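# Notes for the structure review
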Amino acid sequence: MTTPWSADFPFLAVPDRLSPHYLDNAATTQIVRPALDALVRAEVELRANVHRAVHARGEAATAALEAARSAVAAAFRVQGEEIIFTSGTTHAINLVAYGWGQRLQPGDRVIVSALEHHANLVPWQMLAERRGIELSVVPVDEDGRLDLAAFEDLIDHQTRLVALTHASNVTGAVTDVARVVAAARAVDALVLLDGAQMARHGPPDLEALGVDFYACSGHKLFGPTGIGVLWARRAVLADMLPMLGGGSMIRRVTLSGSTWADPPRRFEAGTPPIAAAIGLGAAISWLSVQDHSAMAAHEHALTERLLEGLRQRQQIRVLGPRRGRIGVVAITIEGAHPHDIAQVLDQHGVAVRGGHHCCQPLMDRFDLDGTTRLSLAPYTDAADIDAALAGIDDAIRQLT
Ligand SMILES: Cc1ncc(COP(=O)(O)O)c(C=O)c1O
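About the cut-offs
Residues numbered from 1 in each chain as written. Predicted model: local features only at pLDDT ≥ 70, side-chain atom pairs only at ≥ 80, totals over all residues. Heavy atoms only, no water. Pairing = 2+ DSSP bridges. Helix = DSSP H or I, 4+ residues; strand = E, 2+ residues; numbered from the N terminus. Axes fitted to C-alpha atoms, helices over the stretch in contact; angles between N-to-C directions. Left-handed = near helix turned anticlockwise from the far one by under 90°. Contact = heavy atoms within 4.5 Å. Nonpolar A, V, L, I, M, F, W, Y, C, P; charged D, E, K, R; others polar. Buried < 20%, exposed > 50% of the residue type's maximum accessible area, 1.4 Å probe, protein only. Arc of directions from axis to C-beta. Near = heavy atom within 4 Å. Polar contact = N/O pair within 3.5 Å; in protein donor to acceptor, adjacent residues only side chain to side chain. Areas by Shrake-Rupley, 256 points an atom, 1.4 Å probe, with all protein chains shown as cover.

Here the focus is the sheet that holds strand 3 (residues 109–113). If you trace the seven strands from one edge of the open sheet to the other, you get 2-8-7-6-5-3-4, paired in mixed fashion. In the strand order of this sheet, the two ends are held by strand 2 (83–86) and strand 4 (134–138), each with one partner. With strand direction ignored, the average angle separating the axes of adjacent strands in the sheet is 20°. Judged from the five bridges that link them, strand 3 and strand 4 form a sheet pairing that is parallel.

Shown next as C-alpha coordinates:
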(Lines give C-alpha, C1' and ligand atoms only; values in the text may rest on other atoms or scores of the structure.)
Protein backbone atom coordinates (compact mmCIF):
# COMPACT_ATOMS: atom_id res chain seq x y z
CA MET A 1 0.00 0.00 0.00
CA THR A 2 1.23 3.48 -0.73
CA THR A 3 0.21 6.93 0.46
CA PRO A 4 0.35 10.22 -1.48
CA TRP A 5 3.75 10.85 0.15
CA SER A 6 5.35 7.39 -0.16
CA ALA A 7 7.26 8.18 -3.37
CA ASP A 8 9.18 10.94 -1.56
CA PHE A 9 10.65 8.56 1.05
CA PRO A 10 13.61 6.48 -0.21
CA PHE A 11 13.55 4.06 2.73
CA LEU A 12 10.35 2.52 1.38
CA ALA A 13 12.20 1.38 -1.76
CA VAL A 14 14.85 -0.58 0.17
CA PRO A 15 14.37 -4.31 -0.46
CA ASP A 16 13.91 -6.34 2.74
CA ARG A 17 14.16 -3.18 4.81
CA LEU A 18 14.51 -3.45 8.58
CA SER A 19 11.33 -2.88 10.62
CA PRO A 20 9.06 -2.63 7.56
CA HIS A 21 6.20 -1.28 9.68
CA TYR A 22 7.93 1.77 11.10
CA LEU A 23 5.78 3.29 13.84
CA ASP A 24 8.48 5.04 15.85
CA ASN A 25 8.16 8.41 14.14
CA ALA A 26 7.87 10.37 17.40
CA ALA A 27 11.45 9.25 18.09
CA THR A 28 12.82 9.81 14.57
CA THR A 29 11.08 10.12 11.21
CA GLN A 30 12.50 8.78 7.96
CA ILE A 31 14.36 11.18 5.69
CA VAL A 32 12.59 12.74 2.71
CA ARG A 33 14.26 12.55 -0.74
CA PRO A 34 15.01 16.30 -1.19
CA ALA A 35 16.71 16.40 2.22
CA LEU A 36 18.81 13.33 1.40
CA ASP A 37 19.77 14.76 -2.00
CA ALA A 38 20.69 18.12 -0.46
CA LEU A 39 22.74 16.38 2.24
CA VAL A 40 24.68 14.32 -0.30
CA ARG A 41 25.22 17.34 -2.59
CA ALA A 42 26.47 19.40 0.35
CA GLU A 43 28.98 16.69 1.33
CA VAL A 44 30.17 15.93 -2.21
CA GLU A 45 29.88 19.13 -4.23
CA LEU A 46 30.05 21.86 -1.58
CA ARG A 47 32.16 20.43 1.23
CA ALA A 48 34.21 23.27 2.69
CA ASN A 49 34.09 25.40 5.78
CA VAL A 50 31.68 28.33 5.89
CA HIS A 51 31.86 32.05 6.67
CA ARG A 52 35.63 32.21 6.30
CA ALA A 53 36.89 30.87 2.96
CA VAL A 54 37.49 33.11 -0.03
CA HIS A 55 37.55 30.20 -2.50
CA ALA A 56 34.60 29.29 -4.71
CA ARG A 57 33.81 26.06 -2.85
CA GLY A 58 33.74 27.80 0.54
CA GLU A 59 31.61 30.61 -0.81
CA ALA A 60 29.16 28.15 -2.34
CA ALA A 61 28.94 26.23 0.95
CA THR A 62 28.28 29.48 2.83
CA ALA A 63 25.61 30.51 0.32
CA ALA A 64 23.92 27.10 0.62
CA LEU A 65 23.96 27.24 4.43
CA GLU A 66 22.50 30.74 4.46
CA ALA A 67 19.92 29.74 1.83
CA ALA A 68 18.86 26.92 4.18
CA ARG A 69 18.47 29.44 7.00
CA SER A 70 16.35 31.64 4.73
CA ALA A 71 14.23 28.63 3.70
CA VAL A 72 13.52 27.77 7.34
CA ALA A 73 12.75 31.42 8.11
CA ALA A 74 10.36 31.70 5.16
CA ALA A 75 8.55 28.49 6.14
CA PHE A 76 8.24 29.67 9.77
CA ARG A 77 7.30 33.21 8.62
CA VAL A 78 10.13 34.93 10.49
CA GLN A 79 13.45 36.65 9.71
CA GLY A 80 16.59 34.70 8.74
CA GLU A 81 18.70 36.28 11.49
CA GLU A 82 16.23 34.90 14.04
CA ILE A 83 16.98 31.29 13.04
CA ILE A 84 19.77 29.56 14.96
CA PHE A 85 20.96 26.14 13.88
CA THR A 86 21.39 23.84 16.85
CA SER A 87 21.98 20.11 17.14
CA GLY A 88 18.29 19.60 17.97
CA THR A 89 15.49 20.55 20.33
CA THR A 90 17.50 19.62 23.42
CA HIS A 91 20.35 21.93 22.44
CA ALA A 92 17.89 24.69 21.48
CA ILE A 93 16.13 24.66 24.86
CA ASN A 94 19.42 24.46 26.77
CA LEU A 95 20.58 27.49 24.80
CA VAL A 96 17.55 29.47 25.98
CA ALA A 97 17.88 28.24 29.56
CA TYR A 98 21.51 29.28 29.59
CA GLY A 99 21.68 32.30 27.28
CA TRP A 100 18.39 33.92 28.23
CA GLY A 101 17.92 32.35 31.65
CA GLN A 102 21.30 33.54 32.88
CA ARG A 103 19.79 37.01 33.22
CA LEU A 104 17.06 35.83 35.63
CA GLN A 105 17.19 36.69 39.32
CA PRO A 106 16.03 34.94 42.50
CA GLY A 107 12.28 35.51 42.78
CA ASP A 108 11.74 35.17 39.01
CA ARG A 109 9.63 32.26 37.95
CA VAL A 110 9.58 29.84 35.02
CA ILE A 111 6.50 27.69 34.40
CA VAL A 112 6.80 24.23 32.83
CA SER A 113 4.39 21.29 32.91
CA ALA A 114 4.22 17.66 33.99
CA LEU A 115 3.74 16.77 30.33
CA GLU A 116 7.23 17.88 29.31
CA HIS A 117 9.94 15.79 27.72
CA HIS A 118 13.05 15.90 29.92
CA ALA A 119 14.54 18.25 27.29
CA ASN A 120 12.08 20.93 28.40
CA LEU A 121 12.36 20.20 32.09
CA VAL A 122 15.93 19.36 33.11
CA PRO A 123 17.49 22.56 31.62
CA TRP A 124 15.04 24.61 33.73
CA GLN A 125 15.83 22.59 36.85
CA MET A 126 19.52 23.26 36.20
CA LEU A 127 18.76 26.96 35.75
CA ALA A 128 16.77 27.00 39.00
CA GLU A 129 19.85 25.60 40.76
CA ARG A 130 22.17 28.14 39.13
CA ARG A 131 20.05 31.26 39.47
CA GLY A 132 17.80 30.51 42.45
CA ILE A 133 14.65 31.04 40.42
CA GLU A 134 11.35 29.32 41.13
CA LEU A 135 10.13 26.55 38.86
CA SER A 136 6.37 25.90 38.82
CA VAL A 137 4.63 22.99 37.16
CA VAL A 138 1.31 22.94 35.32
CA PRO A 139 -0.54 19.72 36.16
CA VAL A 140 -1.85 17.24 33.60
CA ASP A 141 -5.48 16.08 33.52
CA GLU A 142 -6.74 12.48 33.30
CA ASP A 143 -6.77 12.70 29.49
CA GLY A 144 -3.09 13.63 29.37
CA ARG A 145 -3.69 17.29 28.51
CA LEU A 146 -2.35 20.38 30.20
CA ASP A 147 -4.70 21.65 32.87
CA LEU A 148 -4.91 25.19 31.51
CA ALA A 149 -7.29 26.41 34.21
CA ALA A 150 -4.62 25.48 36.77
CA PHE A 151 -2.04 27.20 34.58
CA GLU A 152 -4.09 30.40 34.56
CA ASP A 153 -4.23 30.27 38.37
CA LEU A 154 -0.49 29.66 38.58
CA ILE A 155 0.82 32.40 36.30
CA ASP A 156 1.61 35.70 38.01
CA HIS A 157 3.72 38.83 37.66
CA GLN A 158 6.83 36.97 38.84
CA THR A 159 6.57 34.69 35.81
CA ARG A 160 9.23 35.46 33.23
CA LEU A 161 8.76 32.46 30.96
CA VAL A 162 6.22 29.77 30.20
CA ALA A 163 7.97 26.78 28.57
CA LEU A 164 5.53 24.16 27.29
CA THR A 165 5.33 21.44 24.71
CA HIS A 166 3.42 22.22 21.51
CA ALA A 167 2.29 18.57 21.35
CA SER A 168 3.02 15.76 23.78
CA ASN A 169 5.34 12.96 22.71
CA VAL A 170 3.37 10.55 24.92
CA THR A 171 -0.31 11.51 25.00
CA GLY A 172 -0.30 13.26 21.63
CA ALA A 173 -2.27 16.15 23.17
CA VAL A 174 -1.90 19.43 21.30
CA THR A 175 -1.51 22.55 23.42
CA ASP A 176 -4.00 25.42 23.11
CA VAL A 177 -1.29 27.94 22.34
CA ALA A 178 -3.62 30.94 21.97
CA ARG A 179 -4.82 30.46 25.55
CA VAL A 180 -1.27 30.10 26.87
CA VAL A 181 -0.06 33.18 25.00
CA ALA A 182 -3.03 35.28 26.20
CA ALA A 183 -2.28 34.45 29.85
CA ALA A 184 1.45 35.05 29.39
CA ARG A 185 0.95 38.40 27.65
CA ALA A 186 -1.26 39.57 30.52
CA VAL A 187 1.74 39.35 32.88
CA ASP A 188 4.46 40.23 30.31
CA ALA A 189 5.93 36.71 30.40
CA LEU A 190 7.57 35.14 27.34
CA VAL A 191 6.46 31.81 25.86
CA LEU A 192 8.69 28.99 24.63
CA LEU A 193 7.17 26.12 22.69
CA ASP A 194 8.88 22.76 22.38
CA GLY A 195 7.88 21.96 18.80
CA ALA A 196 9.75 18.65 18.53
CA GLN A 197 6.53 16.69 17.90
CA MET A 198 4.42 19.35 16.22
CA ALA A 199 6.70 20.82 13.57
CA ARG A 200 6.45 17.82 11.22
CA HIS A 201 2.72 18.48 10.87
CA GLY A 202 3.55 21.58 8.84
CA PRO A 203 6.05 24.33 9.57
CA PRO A 204 4.74 26.43 12.48
CA ASP A 205 3.45 29.88 11.55
CA LEU A 206 5.36 31.65 14.29
CA GLU A 207 3.85 35.01 13.49
CA ALA A 208 0.35 33.61 14.03
CA LEU A 209 1.30 31.57 17.12
CA GLY A 210 2.58 34.70 18.86
CA VAL A 211 5.21 32.91 20.95
CA ASP A 212 8.76 34.11 21.67
CA PHE A 213 10.89 30.96 21.32
CA TYR A 214 10.34 27.83 19.24
CA ALA A 215 12.54 24.73 19.27
CA CYS A 216 12.45 21.73 16.94
CA SER A 217 14.60 18.87 15.58
CA GLY A 218 15.39 18.02 11.97
CA HIS A 219 15.27 14.26 12.48
CA LYS A 220 11.64 14.48 13.64
CA LEU A 221 10.50 16.39 10.56
CA PHE A 222 11.93 14.21 7.78
CA GLY A 223 15.34 15.90 7.81
CA PRO A 224 18.84 14.78 8.82
CA THR A 225 19.91 13.88 12.34
CA GLY A 226 22.17 16.17 14.39
CA ILE A 227 20.45 19.39 13.37
CA GLY A 228 17.64 21.48 14.81
CA VAL A 229 16.41 25.01 15.09
CA LEU A 230 15.94 27.58 17.76
CA TRP A 231 13.87 30.54 16.73
CA ALA A 232 13.52 33.61 18.95
CA ARG A 233 12.42 37.15 18.34
CA ARG A 234 15.21 39.46 17.22
CA ALA A 235 14.87 41.71 20.30
CA VAL A 236 15.06 38.69 22.62
CA LEU A 237 18.13 37.29 20.85
CA ALA A 238 19.87 40.67 20.94
CA ASP A 239 19.90 40.51 24.72
CA MET A 240 20.81 36.82 25.04
CA LEU A 241 24.23 35.56 26.14
CA PRO A 242 26.09 32.89 24.15
CA MET A 243 26.29 29.41 25.65
CA LEU A 244 29.40 28.25 23.77
CA GLY A 245 32.45 30.36 23.10
CA GLY A 246 34.90 29.88 20.23
CA GLY A 247 35.36 30.62 16.56
CA SER A 248 32.69 32.35 14.49
CA MET A 249 30.67 33.72 17.40
CA ILE A 250 32.89 36.71 18.15
CA ARG A 251 33.24 40.27 16.96
CA ARG A 252 36.71 40.92 18.45
CA VAL A 253 39.00 38.84 20.63
CA THR A 254 41.97 40.18 22.58
CA LEU A 255 43.94 38.52 25.30
CA SER A 256 41.97 40.44 27.87
CA GLY A 257 38.47 39.64 26.61
CA SER A 258 36.04 39.21 23.72
CA THR A 259 32.93 40.78 22.29
CA TRP A 260 30.16 38.84 20.60
CA ALA A 261 28.93 38.76 17.04
CA ASP A 262 25.31 39.64 16.35
CA PRO A 263 22.71 36.84 16.31
CA PRO A 264 22.48 34.27 14.87
CA ARG A 265 26.30 33.87 14.66
CA ARG A 266 26.67 34.64 18.38
CA PHE A 267 24.96 31.32 19.11
CA GLU A 268 26.71 29.17 16.50
CA ALA A 269 30.25 28.78 17.83
CA GLY A 270 32.62 26.58 15.83
CA THR A 271 32.02 24.85 12.53
CA PRO A 272 28.28 24.27 12.21
CA PRO A 273 26.71 21.00 10.99
CA ILE A 274 26.78 22.44 7.46
CA ALA A 275 25.43 19.55 5.39
CA ALA A 276 22.79 18.69 7.98
CA ALA A 277 21.57 22.30 8.03
CA ILE A 278 21.37 22.34 4.24
CA GLY A 279 19.42 19.06 4.38
CA LEU A 280 17.13 20.50 7.02
CA GLY A 281 16.41 23.50 4.80
CA ALA A 282 15.39 21.10 2.02
CA ALA A 283 13.18 19.04 4.38
CA ILE A 284 11.37 22.12 5.64
CA SER A 285 10.97 23.47 2.09
CA TRP A 286 9.46 20.11 1.09
CA LEU A 287 7.16 20.14 4.10
CA SER A 288 6.00 23.68 3.52
CA VAL A 289 4.61 22.90 0.04
CA GLN A 290 2.67 19.78 1.06
CA ASP A 291 -1.10 19.73 1.43
CA HIS A 292 -1.23 19.94 5.23
CA SER A 293 -4.94 19.31 5.53
CA ALA A 294 -4.57 16.13 3.44
CA MET A 295 -1.65 15.09 5.63
CA ALA A 296 -3.65 15.77 8.79
CA ALA A 297 -6.67 13.87 7.42
CA HIS A 298 -4.44 10.89 6.55
CA GLU A 299 -2.86 10.83 10.00
CA HIS A 300 -6.24 11.30 11.68
CA ALA A 301 -7.88 8.45 9.73
CA LEU A 302 -5.07 6.01 10.55
CA THR A 303 -4.92 7.14 14.19
CA GLU A 304 -8.65 6.48 14.45
CA ARG A 305 -8.17 3.04 12.84
CA LEU A 306 -5.53 2.29 15.46
CA LEU A 307 -7.56 3.69 18.38
CA GLU A 308 -10.65 1.78 17.28
CA GLY A 309 -8.64 -1.45 17.11
CA LEU A 310 -7.18 -0.79 20.55
CA ARG A 311 -10.60 -0.07 22.05
CA GLN A 312 -11.77 -3.51 20.93
CA ARG A 313 -9.04 -5.15 23.02
CA GLN A 314 -10.09 -4.97 26.64
CA GLN A 315 -6.69 -5.41 28.31
CA ILE A 316 -5.44 -2.23 26.69
CA ARG A 317 -5.36 1.24 28.20
CA VAL A 318 -4.75 4.17 25.85
CA LEU A 319 -3.28 7.36 27.23
CA GLY A 320 -4.29 10.70 25.80
CA PRO A 321 -7.38 12.59 24.72
CA ARG A 322 -9.86 11.42 22.08
CA ARG A 323 -9.70 14.74 20.25
CA GLY A 324 -7.07 17.43 19.79
CA ARG A 325 -4.24 14.96 19.39
CA ILE A 326 -1.55 14.05 16.88
CA GLY A 327 -0.82 10.50 15.72
CA VAL A 328 1.17 9.52 18.79
CA VAL A 329 -0.53 6.76 20.76
CA ALA A 330 0.85 5.39 24.03
CA ILE A 331 -0.69 2.24 25.48
CA THR A 332 -0.32 -0.16 28.34
CA ILE A 333 -1.37 -3.81 28.42
CA GLU A 334 -2.31 -5.06 31.84
CA GLY A 335 0.38 -7.40 33.19
CA ALA A 336 2.86 -6.85 30.33
CA HIS A 337 6.06 -4.80 30.42
CA PRO A 338 6.33 -2.10 27.71
CA HIS A 339 9.73 -3.39 26.54
CA ASP A 340 8.39 -6.92 26.18
CA ILE A 341 5.45 -5.62 24.15
CA ALA A 342 7.86 -3.69 21.90
CA GLN A 343 9.92 -6.87 21.44
CA VAL A 344 6.90 -8.93 20.39
CA LEU A 345 5.92 -6.18 17.94
CA ASP A 346 9.48 -6.20 16.59
CA GLN A 347 9.04 -9.89 15.74
CA HIS A 348 6.14 -8.73 13.54
CA GLY A 349 8.36 -6.16 11.81
CA VAL A 350 6.67 -3.33 13.71
CA ALA A 351 8.96 -0.68 15.22
CA VAL A 352 7.54 1.05 18.30
CA ARG A 353 9.04 2.59 21.43
CA GLY A 354 8.69 1.07 24.88
CA GLY A 355 9.68 2.95 28.04
CA HIS A 356 9.22 6.30 29.74
CA HIS A 357 9.83 8.32 26.55
CA CYS A 358 11.97 10.80 28.52
CA CYS A 359 8.85 11.79 30.44
CA GLN A 360 9.35 10.26 33.87
CA PRO A 361 7.22 12.88 35.70
CA LEU A 362 4.36 12.09 33.33
CA MET A 363 4.78 8.37 34.03
CA ASP A 364 4.65 9.23 37.76
CA ARG A 365 1.44 11.20 37.13
CA PHE A 366 -0.20 8.07 35.75
CA ASP A 367 1.58 5.73 38.16
CA LEU A 368 3.27 3.86 35.33
CA ASP A 369 6.82 2.63 34.74
CA GLY A 370 6.40 3.14 31.03
CA THR A 371 4.18 2.70 28.01
CA THR A 372 4.43 1.33 24.49
CA ARG A 373 4.17 4.13 21.96
CA LEU A 374 3.08 3.90 18.33
CA SER A 375 3.61 7.02 16.24
CA LEU A 376 2.53 7.73 12.68
CA ALA A 377 3.87 9.68 9.70
CA PRO A 378 2.61 10.56 6.20
CA TYR A 379 4.10 7.32 4.81
CA THR A 380 2.25 5.18 7.37
CA ASP A 381 -0.46 3.08 5.75
CA ALA A 382 -3.31 0.85 6.86
CA ALA A 383 -1.11 -2.25 6.55
CA ASP A 384 1.25 -0.78 9.17
CA ILE A 385 -1.64 -0.25 11.58
CA ASP A 386 -3.05 -3.72 10.96
CA ALA A 387 0.38 -5.30 11.48
CA ALA A 388 0.66 -3.42 14.78
CA LEU A 389 -2.76 -4.64 15.92
CA ALA A 390 -1.85 -8.22 14.98
CA GLY A 391 1.40 -7.84 16.94
CA ILE A 392 -0.50 -6.49 19.93
CA ASP A 393 -2.80 -9.53 19.85
CA ASP A 394 0.28 -11.71 19.89
CA ALA A 395 1.72 -9.71 22.81
CA ILE A 396 -1.51 -10.18 24.75
CA ARG A 397 -1.34 -13.94 24.06
CA GLN A 398 2.32 -14.28 24.94
CA LEU A 399 2.63 -11.89 27.88
CA THR A 400 -0.61 -11.92 29.84
C1 LIG B 1 8.51 16.68 22.95
C2 LIG B 1 9.97 16.48 22.76
N3 LIG B 1 10.82 17.43 23.14
C4 LIG B 1 12.15 17.31 22.98
C5 LIG B 1 12.69 16.18 22.42
C6 LIG B 1 14.17 16.08 22.27
O7 LIG B 1 14.51 16.11 20.92
P8 LIG B 1 16.02 15.86 20.46
O9 LIG B 1 16.43 14.54 21.06
O10 LIG B 1 15.96 15.82 18.97
O11 LIG B 1 16.84 16.99 20.97
C12 LIG B 1 11.85 15.15 22.02
C13 LIG B 1 12.41 13.89 21.48
O14 LIG B 1 11.86 12.85 21.61
C15 LIG B 1 10.45 15.31 22.19
O16 LIG B 1 9.60 14.36 21.80
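Moving on from the model shown.
What follows concerns the packing of helix 2 (residues 56–76) against helix 9 (residues 274–288). Between helix 2 and helix 9, the least distance of the axes is 8 Å, while the angle of their chain directions is 35°. Remark: the crossing between helix 2 and helix 9 carries left-handed chirality. Only Ile274, Ala277, Ile278, Gly281, Ile284, Ser285 and Ser288 of helix 9 make contact with helix 2, whose side of the interface consists of Ala61, Ala64, Leu65, Ala68, Ala71, Val72, Ala75 and Phe76. Taken together, the residues of the contact of helix 2 with helix 9 break down into twelve nonpolar, three polar and no charged.

Let us look at helix 6 (residues 177–186). Within helix 6, burial applies to Val177, Val180, Val181, Ala183 and Ala184. Each buried residue of helix 6 sits inside an arc of 165° when the element is viewed along its axis, so together they form one side. Set apart from the buried face of helix 6 by more than 90 degrees, the exposed residues are Ala178 and Ala186. Contacts made by the buried residues of helix 6 are with helix 5 (148–154), strand 5 (159–165), strand 6 (190–194) and helix 7 (206–209). Just downstream of helix 6 lies Asp188, where phi reads positive at about 60°.

Of all five residues making up strand 7 (residues 213–217), five are buried, and the element is well covered by its neighbours. Residue alternation in strand 7 divides its side chains into two sets, Phe213, Ala215 and Ser217 and Tyr214 and Cys216, and both sets are buried. Of the pairings in the sheet, the one linking strand 6 to strand 7 comprises three bridges and is parallel in character. Residue pairing across strands places Leu192 opposite Phe213, the latter belonging to strand 7. Strand direction decides the pairing type here: strand 7 and strand 8 (residues 228–232), joined by five bridges, are antiparallel. Bridging from a neighbouring strand, Ser217 pairs with Gly228 of strand 8.

What follows deals with the site of the ligand. Looking at the ligand, there are 13 residues lining it, with Thr90, Asp194, Gln197, Ser217 and Lys220 nearest. Interatomic distance of 2.5 Å between a side-chain N/O atom of Asp194 and a nitrogen atom of the ligand. A distance of 2.7 Å is found between an oxygen atom of the ligand and a side-chain nitrogen or oxygen belonging to His219. Burial of the ligand by the protein chains amounts to 85% of its free accessible area of 390 Å².

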